[in-house]
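Coordinate analysis (summary)
Here is how the chains run, residue by residue.
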Amino acid sequence: MSGGRIGSGELYDSGLNGVEFVGMKFGFVNLRGSTLTDVVFRDCVIDELDIADAKLLRVSFEGSSIRDAEGSNTRIDHVDLRGADLDRVERLEGFRGATIGADQLYTLAPLLAAQAGYRVA
């Protein structure tokens with residue numbers, strides 16, 4: 001799928017296999033309980049992403065921006081966030097196990113510390 005805007009993508013409990021989203025803007029993407037295999041989000045803007053109870057296998061977010069992510073009980077294997085802009089993400093629990101870059105770790109350090117219960121002075 002290429003181009004366009006989707007205000008609310010209600011894809012819960014779905015199965016996406018071998019799908020590529022290119023240059024799209026998503027207001028809200030509900031992938032709760034879904035299974036994603038070999039899925040690429042390239043040059044996309046995602047305002048809100050719900051991946052609670054989802055299974056993600058070989059998923060990447062190349063050149064994409066994720067502003068808010070929600071997830072619990074998410075199972076992740078080979079998810080690559082290195083190409084994503086994660087500066088404004090408030091909840092990262094759903095991406096536990098994903099690969100991030102060193103620059104992202106530096107940017108996300110205050111958020112990760114707060115989630116772990118640390119106070120940074």
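Residue positions are given per chain, counting from 1 as you read along its sequence in written order. For this predicted model, a pLDDT threshold of at least 70 governs which residues receive local features, and a threshold of 80 or more governs which side-chain atom pairs are given and counted, while totals over whole chains, interfaces and linings are taken from all residues. As a rule here, side-chain values come from all non-hydrogen atoms in the structure, and water together with hydrogens is ignored.

**Description of the overall build of the protein**
When helices and strands are counted, the protein shows 1 helix and 10 strands. For this measure, only C-alpha atoms enter the radius of gyration; the expected value for a globule follows 2.2 Å times N^0.38, where N is the number of residues. In summary, the protein has a C-alpha radius of gyration of 14 Å against a globular reference of 14 Å for 121 residues, a match within 12%. Counting only C-alpha atoms, the protein reaches 45 × 25 × 25 Å along its principal axes. Throughout this description, buried means an accessible area under 20% of the type-specific maximum (1.4 Å probe, protein chains only), exposed means over 50%, and partly exposed covers the range between. Out of the 121 residues in the protein, the part that is buried amounts to 40%. Here, two residues are considered to be in contact whenever any of their heavy atoms come within 4.5 Å of each other. Pairs at least 24 apart in sequence give 4% of the contacts found in the protein among residues at least 6 apart. Approximately 6600 Å² of the protein is accessible, and the part contributed by carbon and sulfur atoms is 50%. Counting 13 positive and 19 negative side-chain charges, the protein places the averaged centre of each group 2 Å from the other. By definition, any uninterrupted DSSP run of H or I lasting at least four residues is a helix, any uninterrupted run of E lasting at least two residues is a strand, and each is numbered from the N terminus. Methods summary: accessible areas were calculated by the Shrake-Rupley approach with a probe of 1.4 Å, and residue burial reflects only the protein chains presented. Just so you know, the count uses Lys and Arg for positive and Asp and Glu for negative, and it drops His and the chain ends. By convention, the charge on Lys lies at NZ, on Arg at CZ, on Asp at CG and on Glu at CD.

**Quick notes on the confidence of the model for the protein**
pLDDT runs from 0 to 100 and stands for how confident the predictor is about each residue. Taken as a whole, the protein shows an average pLDDT of 92; of its residues, 100% reach a score of 70 or greater. Of all secondary-structure elements in the protein, the lowest mean pLDDT belongs to helix α1 (residues 102-116), at 87, while strand β5 (residues 35-42) reaches the highest, 98.

**Considerations on a nonpolar patch on the surface**
Residues Ile100, Leu105 and Leu112 make up a contiguous nonpolar surface patch of about 220 Å² in total accessible area. Residue placement: Leu105 occurs in helix α1. Using a relative accessible area of 46% as the deciding quantity, one classes Leu105 as partly exposed. Excluding any residue in a salt bridge, patches collect residues exceeding 30% relative accessible area, merging like charges within 9 Å and nonpolar Val, Leu, Ile, Met, Phe, Trp and Tyr side chains within 5 Å. Salt bridges are identified by distance alone: a Lys or Arg side-chain nitrogen within 4 Å of an Asp or Glu carboxyl oxygen.

**Let's talk about the layout of surface pockets**
Within this model, the largest pocket holds a volume of roughly 170 Å³. Cavities and pockets were defined on a 1 Å grid built from protein atoms only: a cavity is a group of points that admits a 1.4 Å probe but offers it no way out, a pocket is an open group of points flanked by protein on both sides within 12 Å along at least five of seven lines, and a lining residue is one with an atom within 4 Å of any such point. If you trace the largest pocket, you find it lined by Leu81, Leu92, Glu93, Phe95, Arg96, Gly97, Ala98, Ile100, Leu108, Leu112 and Gln115. Only Asp, Glu, Lys and Arg are considered charged, only Ala, Val, Leu, Ile, Met, Phe, Trp, Tyr, Cys and Pro nonpolar, and every remaining residue, Gly among them, polar. Along the lines of polarity and charge, the residues of the lining of the largest pocket split into 7 nonpolar, 2 polar and 2 charged. Grid points are joined across faces, edges and corners, and a volume is the space filled by probe spheres set on the points.

**Considering the environment of Ala69**
Structurally, the position occupied by Ala69 is in strand β9 (residues 69-70). For the pair formed by Ala69 and Leu92, sequence separation is 23 residues and the distance between their alpha carbons is 6.2 Å. When residues no more than four places from it in sequence are discounted, the contact partners of Ala69 are Leu49, Val89, Arg91 and Phe95.

**Things to note about the nonpolar core**
If you look at the biggest cluster of nonpolar residues, it comprises 30 residues, and the most contacted ones within it are Phe41, Leu49, Phe61, Ile66 and Phe95. Counting residues per element, this core draws most heavily on β5, which supplies 3 residues. Residues in contact with Phe41, not counting those within four places in the same chain, are Phe21, Phe26, Leu36, Ile46, Val59, Ser60, Phe61, Glu62 and Ser64. Take the buried residues of types Ala, Val, Leu, Ile, Met, Phe, Trp, Tyr and Cys, join any two whose side-chain atoms come within 4.5 Å, and each joined set is a nonpolar core.

**Regarding the pairing of strand β7 (residues 55-60)**
Note: β5 against β7, 5 bridges, orientation parallel. Residue pairing in the sheet places Val40 in a bridge with Ser60 of β7. Any two strands between which DSSP finds at least two bridges are classified as paired. Bridging between β7 and strand β10 (residues 75-80) involves 5 bridges; their strand directions are parallel. Of the residues in β10, the one forming a bridge with Leu56 is Ile76.

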